[in-house]
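Reading the structure
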Amino acid sequence: MSEELYARQHATYRTTHESIIIAANKLMAEQGFRAMNMIELASEAEVSRATLYNHFRDKSEVFMAFVETEIERIATLALIAQSRADALYMISREISGHPGLRRALETDGELIASALSIRDSQIWVDIYSELAKIFATDVIGVGMIVRWLLGQVTSPLSDEHSRQQADRLATTL
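One structure accompanies this document, and this report is about it. (Residues numbered from 1 in each chain as written. Predicted model: local features only at pLDDT ≥ 70, side-chain atom pairs only at ≥ 80, totals over all residues. Heavy atoms only, no water.)

What to know about the packing of aromatic side chains
Scanning the entire structure with this criterion turns up two aromatic pairs. A ring pair is formed by Phe33 and Phe63, whose centres lie 5.1 Å apart and whose planes are at 55°; its orientation type is tilted. Of the two residues, Phe33 sits in the loop between α1 (3-31) and α2 (38-45) while Phe63 sits in helix α4 (residues 59-79), which places them 30 residues apart along the sequence. Accessibility classification places Phe33 together with Phe63 in one group, the buried group. Against the face of Phe33 rests Lys59, its NZ or CZ located 4.8 Å from the ring centre. (Phe/Tyr/Trp six-rings, centres within 6.5 Å; stacked < 30°, edge-to-face > 60°. Helix = DSSP H or I, 4+ residues; strand = E, 2+ residues; numbered from the N terminus. Buried < 20%, exposed > 50% of the residue type's maximum accessible area, 1.4 Å probe, protein only. Lys NZ or Arg CZ within 6 Å of the ring centre and 35° of its normal.)

Structure, rendered in structure tokens:
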């Protein structure tokens, strides 16, 4: 197989994968994770069901891929922030303003509670790793950040309060 053909196939795979994640984000924001189904997801992503199932075995895999994508997206934004306080503030605003997460809190509370309580899952490993890299801090610092961010998930603050708390937390790191 030529390198050009492989590169084209890989690009198509990546584009399809991204389309599915974008569609999942939209559907989760509109109706919540549990209400979303694979048939609607395929339709929204404009892919066949066979293509969808070639990428993801079930909704749980879609959810995990979505979360991983969001972790990468938010971490990238935080890495280019001008300061630790700006990075903390940006992360908190991205989390508290996320339409899919907001809908999940309203409709899929048990899913969120389960995801937040499984500390040895790959999601937590990724979150801790990214936060340690962004803030160049130890486990204690990452723990403080995670606890603050969990508060942002369950009870988002106003922009002003979020900025004030981000500034305070940044000075203690």
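Things to note about the packing of α1 against α2
It is the contact of α1 with α2, at a shortest axis distance of 8 Å, that shows an interaxial angle of 120°. What the angle tells us is that α1 and α2 run oblique. Handedness of the α1/α2 crossing: right-handed. Packed against α1, whose contacting residues are Ser19, Ile20, Ala23, Ala24, Lys26, Leu27 and Gln31, the element α2 presents Glu40, Leu41, Glu44 and Ala45 at the interface. Class assignment of the residues belonging to the contact of α1 with α2 gives a composition of six nonpolar, two polar and three charged. (Axes fitted to C-alpha atoms, helices over the stretch in contact; angles between N-to-C directions. Parallel < 35°, antiparallel > 145°, perpendicular 65-115°, else oblique. Left-handed = near helix turned anticlockwise from the far one by under 90°. Contact = heavy atoms within 4.5 Å. Nonpolar A, V, L, I, M, F, W, Y, C, P; charged D, E, K, R; others polar.)

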